[in-house]
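Coordinates in review
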Amino acid sequence: MRPILLEMEGFSSFRQKAVLRFDDCDLFVLTGRTGSGKSSVIDALTFALYGSISRLDNAGAVAPVINQGSIRARVSLTFMAGSHRYTLTREVSRKSSTKAALERDDVPVAASVREVDREIESLLGLSFEQFTKSVVLPQGDFAEFLHANTKDRQDLLVKLLDAELFRRVQKQASGRAATLKADLDATENNIVREQTTIRRRSSVLGFELLDDHLSEEDEDAAIDAGTLRVGALSSLVKGVEAAVAELQRLAAEKRAIDDESARCRTASSQLEAVVAPPALQDLHQRLDGARAAVRAAQEALQVAEDAQLEAEKSLTALPPRADVTAIVKLWGQNAAQLDLLGPAEDALVTAVANAVNAVAEHQSAEMFAARAMAERERVLQQNHAFAAARGLAAGDACPICGETLADAPALPTPEGIDAAQTALARAEGAVEAARRIVNTTGKTEAVARERLDGLIALKAQIERELDGKDALSACRDTLGQIALAEAAVSQARGALTAARDTLTNGRKALSALDDETTAAWATFSERTTACAALGTPPYRKENDLAGSWAALEVWARAEAAGYHEKAQVAATTATQLAEQAQAQAHAQYNDCAALAVVVEPGQQPLLAANAAHTHAERDLADLQAATGERRRLDNERTLLRTNWQAAESLNSHLRANRFEQWYLEEALSRLLEGASATLRELSAGQYSLKLDENRKDFLVIDHTNADETRPVKTLSGGETFLASLSLALALADEIALLAPATAPRLEALFLDEGFGTLDPDTLDTVAGAIEELGARGRMVGIVTHVPELAERVPVRFRVTKVGGTSRIDREP
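Rules behind the numbers
- Residues numbered from 1 in each chain as written.
- Predicted model: local features only at pLDDT ≥ 70, side-chain atom pairs only at ≥ 80, totals over all residues.
- Heavy atoms only, no water.
- Pairing = 2+ DSSP bridges.
- Helix = DSSP H or I, 4+ residues; strand = E, 2+ residues; numbered from the N terminus.
- Axes fitted to C-alpha atoms, helices over the stretch in contact; angles between N-to-C directions.
- Contact = heavy atoms within 4.5 Å.
- Phe/Tyr/Trp six-rings, centres within 6.5 Å; stacked < 30°, edge-to-face > 60°.
- Buried < 20%, exposed > 50% of the residue type's maximum accessible area, 1.4 Å probe, protein only.
- Lys NZ or Arg CZ within 6 Å of the ring centre and 35° of its normal.
- Salt bridge = Lys/Arg side-chain N within 4 Å of Asp/Glu carboxyl O.
- Parallel < 35°, antiparallel > 145°, perpendicular 65-115°, else oblique.
- Left-handed = near helix turned anticlockwise from the far one by under 90°.
- Nonpolar A, V, L, I, M, F, W, Y, C, P; charged D, E, K, R; others polar.
- Expected span 1.5 Å × (residues − 1).
- Core = buried A, V, L, I, M, F, W, Y, C linked by side-chain atoms within 4.5 Å.

A separate point is the sheet that holds strand β4 (residues 72–81). Reading across the sheet, the 6 strands line up as β2-β1-β4-β5-β6-β7 and stay open at both edges, with antiparallel pairing between neighbours. The open sheet has two free edges, formed respectively by β2 (18–21) and β7 (107–110), since each of these has just one partner strand. Along the sheet, successive strands turn relative to each other by an average axial angle of 20°, direction set aside. Bridge count between β4 and strand β5 (residues 84–93): 10 bridges; the pairing is antiparallel. By the bridge assignment, A81 is partnered in β5 with H84. In the packing of helix α2 (residues 113–124) onto the sheet, contacts are made with β4, β5, β6 (99–104) and β7, and the angle to β6 comes to roughly 45°.

In C-alpha cells:
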C-alpha cells in the first residue's frame, strides 16, 4: 500500500481544505512549529483507512477529530495497492453518523462504514492496532525497551506485540467452558423432559411404561401400540362419515321439497303483486304538445342561421386582421430605426477619431524606443570587453583569444549601462501600452461600424417590406371596419346559439315523454317475462297499453290460486323425511361409545370421532418426535461433553502463563535477529545486537573494534536512535508477517517522534539513517519541528497554522 493523495477538510486543526500529494516522495518531512498540525496529517491518513486515530483513548470516538469551528470533518485518501488504484473517503458530522465510501479504479466497491472497514482490513490484511504499529513506528517505546529491566521489557513486549491476545484467548476459553457446561446441564434436563413426554403420550395411547430406565425397545413398543389405536379410530371415522353421508342425502331431499314449497309460495305472492302502473290516460295528450313545440323551434333556428351567414360574408369581404396589424407594426419599426441611426453615426465618428489618435501615440512610442536602443548599443560599443563577457560561464571559449575559461568573467558594470538599459525597458513598456490601446480602439471602431451597418440594413429591409402597402392611416380605418364586422358576427352567433338551445330543450321534453311511454311498456314486458316462468301470460296488444295491463292482471289471479295448493302438499312430505333422519343419527352415538369416544352434549358424533383420531395422531407424532429428540439429545450430550473437556483443558494450559512466556521469548529472539540485521545496515556494518548470557540485558557488538561487546547504555544518542529504530522496523516486519500472503506490501512508514532533544552530532547520524531508509524501496515520512533535520530531507512539506486553520505547502 502506497499513498498518492490525501485531502482533509474540517479535520483536527485543518478547518479549511488541505491537499497533500505524495508524487515523487520516497523520502519527505512534515515540518513546522509545535502545534501547527503536523501529527494531524498522520492522524488523517490513519482515520481515512480505519475511522479512528491512535491518540484517542476511545478508538470508537470520532467527534474529537472534527475541527472546533466546523460541523463535519471529511478525509479522502487515494492509494495504490497491488496494481489497483483506490480512493477512500470518510465523513463524520456532529449531528449524524459517519459516512464512508471506497472505489477501486473509479468503480464503487463499498458504500457504508461496515462495508468499507471490512474491505480495508481484508485488503491490507492488518487490524487497526497492527497498522498503527507497522506504519507509524513506535521507536520511542523501543528506546525505553533497550534499557528496561527484564520485567519492564516483558510488559513492553506484551504491549507492542499484542501478546495480551493469549490472555484474552484464555478468558474466552474459560467463558466457553462455562457456556458448554451450562449447555451440557441444559441438555441433561431436556433429556429428562423428553422421557417424561414419552411416558405421558404412551399412557394416553393406552400403553404404560413402568421401568425407570427407558430402552429403545420400550419406546418402539409404545409407538406400535399408538399406531394400532390410530388405525382403529381411523376406521371409526370412516364409518361415521358414511352415516353422515346418508343423513346428508335425506337432508338434501328434505331441502329440495322445502325449496319446492317455498317456490310455490313465492310464485303465488309474485302473481298476486301484478298491478298496472298509474297515470296512463293523459300520456297521449302530452306527447302531441311536445311535438308542436319542436316544430316551432326548428323554424326559428333556420332564421338565425341565415342571419349568421350574411354577417360572416360581410367580414370575409374585408382583409384579415393579422395582415393589417402586421403592416401597422412595420410602420412602427420603421420610425424606431430612424431614432437609432443618429446616435449610431455619432458613436462611429468618435471611435474613428480615437483609433487615429492611438495609432499616432504608438508610432511616437516606437520612435522613442528606437532611440533608447541606439543609446544602449552606443554604450556597449564603448565598453566592448564588458559586452563580449556577458553571458560567458566556466568552460566557454573566450571570444577574443579562443582560450577555455576556467571561471566565469567577473567584470564591473561600466558607467551608463544600467541607465541605458532602464531607459530602453521603459520605452519598450510604453510601446506595449500604446499597442494595447491601438487594439482596444480598433475593436471599439469595428463594433460601432458593425452596429451602424446593421441598423442601416434593418431599415432598408423594413422599407422593402412596406413597399406597395397602405399608409398607416388607411390601415387604421380598415381595422375599425373589421371590428364592426366582427361584432355583427358575434351577435348573430349568439342568436343562433339561443335558437339551438330552445330546439334542444324541446327535443329533450319530447324525448322524456317517449322515455315514459317506453318505460311503461318495459315494465309490462318485465312483468310478462317474470310471469313466463310460472305459466303462459297473455300477449301484448299493440298501441293499447291500458288494455294489455288489464288482461295480464286477470291471468295472474288465476295462476296464484294453483301455486298455493302445491305448497301445502310439499309441506306434508318434508315432515316424513325428518323422522327418518332422526333414527339414523342415533346409530352414530352407539358406534362412538364402542371405542370409548365421548360425544359431548350438542356435539356431532363425526366431530367427536375426528377429534379423537386427530388427538391420537398428534399424541403418536409427539411420541415419535420425543423419541427422536431424546436420541438426538443423547448424541448432543456426548458432543457437548467432549467440547467442554477440550475448552476446560485449553483454559487450564493458558491460565498457567507458560505458553505466553514461551511466545514472548520466541518473539524477542525474532525481533533481536531482525533488528540486528537492520542496525548493521543502517550503521554501515559497524553495529549489531545480542542478549547477554542470562538473556536479561541487551549488548551491542562493535564490528569495527574486533567485535567488542558492550552494554547498549554506552551508545551515544544517535546510536541509541539507530538501535531503537531498528527494533521498530523489526516489529513492523513481524506484524506484516501476520497479514495474509495475498495482502499488498506496506510501502510507507512514518516516524512521528520528537527529535528536539538530540544534539547536532546525533542529528547528523539520525539524518543519515533516515536517508538510508528512503533508499530501501519504502516511502518514508518523518514529522519534526527541528530545522536542521528537515533541511537534510529532499522533499519538505511545511505545516503552518494561521487564522485558526492549518495549511500545507510544499517547499521548492
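The mixed open sheet is built from 5 strands, whose spatial order is β11-β12-β3-β13-β14. On the outer flanks of this sheet lie β11 (748–751) and β14 (805–811), each paired with one strand and no other. Pairs of neighbouring strands in the sheet enclose a mean axial angle of 20°, with direction left out of account.

Considering all chains together, one arrives at 6 aromatic pairs under this definition. Arranged with centres 6.1 Å apart and planes meeting at 70°, the rings of F28 and F750 form a pair that is edge-to-face. Highlighted residues: F28 in strand β3 (residues 27–31) and F750 in strand β11, separated in sequence by 722 residues. For the pair formed by F28 and F750, the shared burial category is buried. Ring-pair connections join several aromatic residues into one group, and the members of that group are F22, F28, F750 and F797. Over the ring of W644 we find K181, and its NZ or CZ is 5.9 Å from the ring centre.

Glancing now at the pattern of salt bridges. In this structure the tally under the stated criterion is 25 salt bridges. We note a salt bridge from D619 to R201, for which the minimum N-O separation is 3.0 Å. Taken together, the residues D619 in helix α14 (residues 605–655) and R201 in helix α6 (residues 164–204) connect sequence positions 418 residues apart. Of the two residues, D619 and R201, both sit in the buried class. We note a salt bridge from E629 to R632, for which the minimum N-O separation is 2.6 Å. One end of the pair, E629, and the other, R632, are both in helix α14, 3 residues apart, so they sit about a helical turn from each other. When its relative accessible area of 38% is taken as the criterion, R632 is described as partly exposed. What you see here is one network of salt bridges that share partners, running through E188, R630, D634, R637 and R641.

Further remarks concern the side chain of S202. Structurally, the position occupied by S202 is in helix α6. What makes S202 buried here is its relative accessible area of 0%. With sequence-adjacent residues up to four places away left out, S202 is seen in contact with F207, L209, A222 and L623.

Let's shift gears to the environment of E415. Structurally, E415 can be placed in the loop between α10 (384–389) and α11 (417–466). Along the chain, E415 and N383 lie 32 residues apart, while their C-alpha atoms are 9.4 Å from each other.

The geometry of helix α9 (residues 321–382) relative to α11 is characterised by a closest axis approach of 6 Å and an angle of 165° between their N-to-C directions. If you check the angle between α9 and α11, you find them roughly antiparallel. The chirality of how α9 crosses α11 is left-handed. For the contact of α9 with α11, a count of residues per class yields 38 nonpolar, 8 polar and 12 charged.

Quick look at unusual backbone geometry now. For residues besides glycine, phi is generally negative; the peptide bonds are generally trans as well. With a phi close to 55°, D24 is a non-glycine residue in the positive phi region. By the element assignment, D24 lies in the loop between β2 and β3. Classification of D24 by relative accessible area gives exposed; the value is 71%. Of note, the phi angle at D106 is positive, near 70°, even though the residue is not glycine. Along the chain, D106 turns up in the loop between β6 and β7. Assessed through its relative accessible area of 66%, D106 is described here as exposed.

A few words on α11. Over its 50 residues, α11 runs 74 Å from end to end, which matches the ideal 74 Å to within 8%, given 1.5 Å per residue. Trailing α11 by a residue or two, G468 shows a phi angle of about 85°, which is positive.

Another aspect to go through is the environment of Q337. Looking at where Q337 falls in the secondary structure, it is placed in helix α9. We classify Q337 as buried; its relative accessible area is 8%. Sequence spacing of Q337 and I456 is 119 residues, and the spatial spacing of their C-alpha atoms is 8.2 Å. Aside from chain neighbours lying at most four places away, what touches Q337 is L455, L458, K459 and I462.

Core analysis: the largest hydrophobic core is formed by 49 residues, its most contacted members being L49 and F79. Top contributing element to this core by residue count: helix α1 (residues 38–50), with 8 residues. Setting aside residues up to four positions removed in sequence, F79 forms contacts with M1, R2, P3, I4, L49, H84, R85, Y86, L88, I120 and L123. V29, L751, A767 and A769 belong to the second-largest nonpolar core, a separate cluster that totals 36 residues.

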